[in-house]
Amino acid sequence: MNAISFIPLLLALTLSPLLLGVINRTKAFFAGRHGQPLLQTYFDLWKLLQKGAVYSRTTTWLFRAGPMIGLAAALTATLLMPLGKCPASLAFPADFLLFAGLLGLMRFFTVVAALDTGSSFEGMGASREVFFSALTEPALFVALATLVRETGQLSLSTMFGQVSNAHWLHSGPALGLVVLALMIVLLAENSRIPVDDPNTHLELTMIHEVMVLDHGGPDLAFIFYSAALKLWLLSALVVGIVLPGTGDPRLNLLLAVGAVFGVAVIVGVIESVMARLRLMIVPQLLVGAGALAATAFLLALKLN
Amino acid sequence: MLFALAFLALGAVVTLLINHHDPIVSWLGAGSVVVAAVLGSIPAVQVMAGSSLVERFRMPWPIPMGEFFIEIDPLTAWFLLPTLLLSALSAIYGVGYLRRWQGRRGLGPVWSFYCLLVLSMTLVLLARNGMLFLFAWEVMAVASFFLVTFEHESESVREAGWIYLVATHLGTAFLLAFFLLLARDTGSMDFTVWAAKGVQAQRLASILFLLAVIGFGTKAGFMPLHVWLPEAHPAAPSHVSALMSGVMIKTGIYGLLRTFTFLGAPPLWWGWGLIAIGLTSGVLGVLFALAQHDLKRLLAYHSVENIGIITLGLGAGLLGVSTGSPVLIVLGFGGGLLHVVNHALFKGLLFLGAGAVLHGAGTREIDHLGGLLKRMPWTAATFLIGAVAISGLPPLNGFVSEFLIFLGAFKGGISAGGAIAVPLFALIAGLALIGGLAAACFTKAFGIVFLGEPRSEHASHAHEADWTMRLPMLILAVGCILIGLFAPVVVGSLKTVLENITKLQPATVSGNLAATTSPLSFIVLGAALFLTLLAVLILLRRHLLARRRVEADITWGCGYAQPTARMQYTASSFAQPLTDLFGPLLGTKKKISPPHGLFPEEAALKTTTPDISHEQMYRPVFERINEWLSRLHWVQHGKVQLYVLYIAVTLIVLLVWKLR
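A short tour of the structure in this document, coming up.

**With respect to the overall build of chain B**
Phase 1 of the analysis: Scanning chain B from terminus to terminus reveals 27 helices and five strands.
Phase 2 of the analysis: Computed over C-alpha atoms, the radius of gyration of chain B comes to 26 Å, within 12% of the 26 Å expected from 2.2 N^0.38 for 660 residues, which places it in the range of a compact globule.
Phase 3 of the analysis: Seen through its C-alpha atoms, chain B measures out along the principal axes to roughly 95 × 65 × 50 Å.
Phase 4 of the analysis: Buried positions account for 58% of the 660 residues belonging to chain B.
Phase 5 of the analysis: By sequence separation, contacts in chain B at least 24 residues apart represent 80% of the contacts at least 6 residues apart.
Phase 6 of the analysis: Total accessible area on chain B is roughly 26,200 Å²; 68% of this is exposed by carbon and sulfur atoms.

If you want it as structure tokens, here you go:
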């Protein structure tokens, strides 16, 4: 662990709320609007941190603990995610298992905090959240298994360090399928269109937004910030595979940051050009992601 | 160790003799189990620590081919420790749990059978002679049968008892064949001889392997041999369910592991077979659990799932043995073994928690509960820890054992050929799916039971359990946390066990374990960071909210201000998307009476998910058998003297046949 390995951490902590701004501006561009300020999420976070709180009488300590556990898990996960060729603060064999576990922990407590309100809306959101995440989990793990097989490395940092132009030339199809699968995982895990619509105003159709309906004040700020971090982390996961390195570490880092924002633009484009899928269709998409990852694994098996 | 066994036997006899309505029986029974557990763990810990002083005791036994031969080696010790711990804790819990029946019924028999069950489980693990093993195995089955049928007034409990009795004896039949074949091949009933000689003939070894998988798998609860679990666990008193699910079914896993030491080099398909069994049990187990409405039945199906995870570990280990890959051997068997202990801790904890809910709220029906966190804070907090642990989430113990199995699969699959990489890939995908579904299932179980508003009168008047019931749950919860935070130490202690069962060089084992403990120490570091960050956030939030307005109001309902508890999401609605998606596998039956007219008055929805293998495989077969056997009814007439005559005639016929 050296000073450089803290760069991905610092960048994630400071820049992740900007991703949401980029997505929103992209959508505004497609809609021909001017759109909200790029820094809107920072303003929102600041405003929420200044507020008091209102709690439902039904809730218990668990409802208050949920956002804090979620944020603590997201922050710990941030330590594990490298940015392009720049290694993470913590890198060890199979660190992606801890990464996935921490995201799971975050989800677990978001869901139980939602159930703590006794609201049917939040129960509905919680139910859909666990439904979709149970299907994305295999896709994520199989995609990771393919990467392990392709690169012969067990840690995210060394894995991303290994990926080169030669890899893409040699087994481009497998890597391409992995990226596609991970992109679907990213959209589903971050509650974006086509799985969930962050802008909907109808409780019945929300997934992630409805689970945090009763949170307010600093708690909601924690939730927003963890969501921004999660978006950054999964984007970094995709970027790490896509980005071949150059000789210059500084240029690498710059490219990686640019690519993460590129992912945000792509997410914005997807949200602008398509509607969300019907809830019944979403599982097909997610199982499809798993199937893509499985195909990638088989390709990786054959090409080696 | 012998003292421990003697104490258990003494407890069994004394409680039966007293059979008083007094609490003294409970204390005597529990006391003898606790003393025995303390006495028994001392040699087990010594053996685990690598003491050369292996305890061994032989005594001639008049039964043909039998010998009273017991020994503690590291494998036995590894299973013995959780068995004794959970037995003692469940016994303490039982004192409080059985108080309800005080004065209404003598508690002598139930404590006597409890002591007997602990005694027989211990003996199963210690036995080094085939006859002694089978004898203990049979006592274990019978003692647990009587415990399951404790509330025999109820029809459903009696039926559960019969299903259990039939299933366990069918399993034993396969084991009998297994032991006899082994004995014929080696000319001995001695485990040490079996382990030393090994089975040479490949075909015989494969037959023995299949017999062992069916025989031991029935006890462990492999799909589709698991039918007795979801019947027997809910029927038994909760501390007994904890013991049966936490450790008794693990004797099946122990048996399988012991078998592997007899059978020599495994062909590749054994590993594949175990991984396939593990995947079916794991995925179907958790899916059926999702569809259940009864808390204890749900937990019982989760035992099937966890046995599946353990079997995945063993399967990966066997693949490693077949291909000579030490990484797979160490991490596969190591992960499976650690999951045995972890499952004993969190499943024991969860069953005890379910018992406390049943005790406090009077129902196991998840959809009738709710809001118990406010009424039963201790039970809720410990149940939550168990729920996070069983979902395999960091920083608790469930994550550690699943991490080992995953790590083994990833490491083993990096460069292996297709014959190894494909099953390992299936293992990774399956284990990930199981993890996601388990989290779904336990957010449901915990969320609906303990959170929100009470859904029935019973739940709103629930009360917390007394200290005899809280203390064991607390200890188990602390155990789950400690194994999570001291993972490298715990995994390091697997060394002696792995050397014991794998015949690898000690240096290979410790080398591979060291390669595992270093990522584990990073994980512990991550867990410590997580907890520190959590503490910082708690302080930050307190500081932020210190001088601001914090109000209480009703839950947001789109402006509707009079919500009732009946409007909440229920367990069935929570699980509905998943159970619908996997509907073809589950066969859930729905009975809908939809609302009619402009002013609908009544509407109802009823779903049941009967066990598919019970309904479609066993029921038709057993009904046919029943038909056939009913023709023999005239033989059975209840006249004891004629039964004695049957025995005498049989003996004479056998004698004549022998002398012929």
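So, next bit.
**Side note on helix 11 (residues 250–262) of chain B**
Phase 1 of the analysis: Between the first and last C-alpha of helix 11 of chain B there are 19 Å, a value that for 13 residues agrees with the 18 Å anticipated at 1.5 Å per step.
Phase 2 of the analysis: Of all 13 residues making up helix 11 of chain B, 13 are buried, and the element is well covered by its neighbours.

**Regarding the packing of helix 3 (residues 74–97) of chain B against helix 20 (residues 467–485) of chain B**
The packing of two helices is summarised by the inter-axis angle and the distance between the axes.
Residues and elements named next belong to chain B.
Phase 1 of the analysis: The interhelical angle for the contact between helix 3 and helix 20, taken along N-to-C directions, is 155°, at an axis separation of 7 Å. Relative to helix 20, the element helix 3 is oriented roughly antiparallel. Between helix 3 and helix 20 lies a crossing whose hand is left-handed. Together, Leu86, Leu89, Ile92, Tyr93, Gly96 and Tyr97 of helix 3 and Thr468, Met469, Pro472, Ile475 and Leu476 of helix 20 make up the contact between the two elements.
Phase 2 of the analysis: For the contact of helix 3 with helix 20, the per-class residue count stands at nine nonpolar, two polar and no charged.

**Re the pattern of salt bridges**
Phase 1 of the analysis: Under the criterion given, the structure shown has 17 salt bridges over all chains.
Phase 2 of the analysis: Glu189(A) serves as the salt-bridge partner of Arg107(A), at 3.0 Å between the closest nitrogen and oxygen. Of this pair, Arg107(A) sits in helix 4 (residues 95–115) while Glu189(A) sits in helix 7 (residues 165–189), and the two are 82 residues apart along the sequence.
Phase 3 of the analysis: One network of salt bridges, in which partners are shared, links Glu71(B), Asp73(B), Arg128(B) and Arg258(B).

**Considerations on the nonpolar core**
Phase 1 of the analysis: Counting 338 residues, the largest nonpolar core has Phe79(B), Trp111(B), Trp228(B), Leu257(B) and Leu337(B) as its most contacted members.
Phase 2 of the analysis: Those residues in contact with Trp111(B) that lie beyond four places of it in its chain are Thr15(B), Val25(B), Ser26(B), Gly29(B), Ala30(B), Ala91(B), Gly94(B), Val95(B) and Leu98(B).
Phase 3 of the analysis: Counting five residues, the second-largest nonpolar core is a separate cluster that includes Tyr55(A), Phe63(A), Ala113(A) and Leu545(B).

**Structural notes on the packing of aromatic side chains**
All names here are of chain B.
Phase 1 of the analysis: One pass over the structure, following the stated rule, counts 42 aromatic pairs over all chains.
Phase 2 of the analysis: Arranged with centres 6.3 Å apart and planes meeting at 85°, the rings of tryptophan 269 and tryptophan 270 form a pair that is edge-to-face.
Phase 3 of the analysis: Centre to centre, the rings of phenylalanine 383 and phenylalanine 446 are 6.5 Å apart; their planes meet at 20°, and the pair counts as stacked. Here the residue phenylalanine 383 occupies a position in helix 16 (residues 377–390), and phenylalanine 446 occupies one in helix 18 (residues 418–450), the gap between them amounting to 63 residues.
Phase 4 of the analysis: Residue classification places phenylalanine 446 among the buried positions, given a relative accessible area of 0%.
Phase 5 of the analysis: One aromatic cluster in this structure is built from Phe133, Trp137, Phe178, Phe179, Phe191, Trp194, Phe216 and Phe262.
Phase 6 of the analysis: One Lys or Arg, arginine 58, reaches over the ring of phenylalanine 69 and ends 3.8 Å from the middle of that ring.
Phase 7 of the analysis: Between the NZ or CZ atom of arginine 100 and the centre of the ring of tyrosine 97, over which it lies, the distance is 5.8 Å.

**Focus on the side chain of His239(B)**
All names here are of chain B.
Phase 1 of the analysis: Within the fold, histidine 239 resides in helix 10 (residues 238–248).
Phase 2 of the analysis: On the basis of relative accessible area, histidine 239 is assigned to the buried category, the value being 1%.
Phase 3 of the analysis: Setting aside residues no more than four positions away along its own chain, histidine 239 makes contact with Ser90, Tyr93, Gly94, Tyr97, Leu98, Tyr114 and Leu352.

**Describing a nonpolar patch on the surface**
Residue and element names in this part refer to chain B.
Phase 1 of the analysis: On the surface, a nonpolar cluster with roughly 910 Å² of combined accessible area is contributed by Val166, Leu170, Val621, Phe622, Ile625, Trp628, Leu629, Leu632 and Trp634.
Phase 2 of the analysis: Take the nonpolar patch: its biggest share by element is five residues, from helix 26 (residues 612–630).
Phase 3 of the analysis: Tracing the chain through its elements places valine 621 in helix 26.

**Some points on the interface of chain B and chain A**
Phase 1 of the analysis: Listed by partner, the interface residues are 71 residues for chain B and 74 residues for chain A.
Phase 2 of the analysis: For the chain B and chain A pair, buried surface summed over both sides reaches about 6,400 Å², with 77% attributable to carbon and sulfur atoms.
Phase 3 of the analysis: Considering only the side of chain B, the residues that lose the most area to chain A are Phe410(B), Arg541(B) and Tyr569(B), jointly responsible for 10% of the buried surface there.
Phase 4 of the analysis: Across the contact surface, chain B and chain A share one salt bridge.
Phase 5 of the analysis: As a salt-bridge pair, Arg541(B) and Asp219(A) come within 3.0 Å of each other at their nearest N and O atoms.
Phase 6 of the analysis: Our enumeration of links across chain B and chain A arrives at 21 residue pairs in polar contact (both at pLDDT 80 or more).
Phase 7 of the analysis: Sorting the residues of the side of chain B that touches chain A by element identifies helix 15 (372–375), helix 16, helix 17 (397–413), helix 18, helix 23 (506–545), strand 3 (550–553) and helix 24 (571–581) of chain B as the ones contributing at least two each.
Phase 8 of the analysis: With 16 residues, helix 18 of chain B is the largest single contributor of residues to the side of chain B that touches chain A.
Phase 9 of the analysis: Of the residues belonging to the side of chain B that touches chain A, the class tally is 50 nonpolar, 13 polar and eight charged.
Phase 10 of the analysis: With four bridges joining them, strand 1 (residues 53–56) of chain A and strand 3 of chain B adopt parallel strand pairing. Among the inter-strand pairings, Ala53(A) is bridged to a residue of strand 3 of chain B, identified as Val550(B).

Rules used in this analysis
- Residues numbered from 1 in each chain as written.
- Chains lettered and ligands numbered in written order.
- Predicted model: local features only at pLDDT ≥ 70, side-chain atom pairs only at ≥ 80, totals over all residues.
- Heavy atoms only, no water.
- Helix = DSSP H or I, 4+ residues; strand = E, 2+ residues; numbered from the N terminus.
- Rg over C-alpha atoms; globule rule 2.2 N^0.38 Å.
- Buried < 20%, exposed > 50% of the residue type's maximum accessible area, 1.4 Å probe, protein only.
- Contact = heavy atoms within 4.5 Å.
- Areas by Shrake-Rupley, 256 points an atom, 1.4 Å probe, with all protein chains shown as cover.
- Expected span 1.5 Å × (residues − 1).
- Axes fitted to C-alpha atoms, helices over the stretch in contact; angles between N-to-C directions.
- Parallel < 35°, antiparallel > 145°, perpendicular 65-115°, else oblique.
- Left-handed = near helix turned anticlockwise from the far one by under 90°.
- Nonpolar A, V, L, I, M, F, W, Y, C, P; charged D, E, K, R; others polar.
- Salt bridge = Lys/Arg side-chain N within 4 Å of Asp/Glu carboxyl O.
- Core = buried A, V, L, I, M, F, W, Y, C linked by side-chain atoms within 4.5 Å.
- Phe/Tyr/Trp six-rings, centres within 6.5 Å; stacked < 30°, edge-to-face > 60°.
- Lys NZ or Arg CZ within 6 Å of the ring centre and 35° of its normal.
- Patch = residues over 30% accessible without salt bridge, like charges linked within 9 Å, V, L, I, M, F, W, Y side chains within 5 Å.
- Buried area = accessible area lost by both parts, 1.4 Å probe.
- Polar contact = N/O pair within 3.5 Å; in protein donor to acceptor, adjacent residues only side chain to side chain.
- Pairing = 2+ DSSP bridges.

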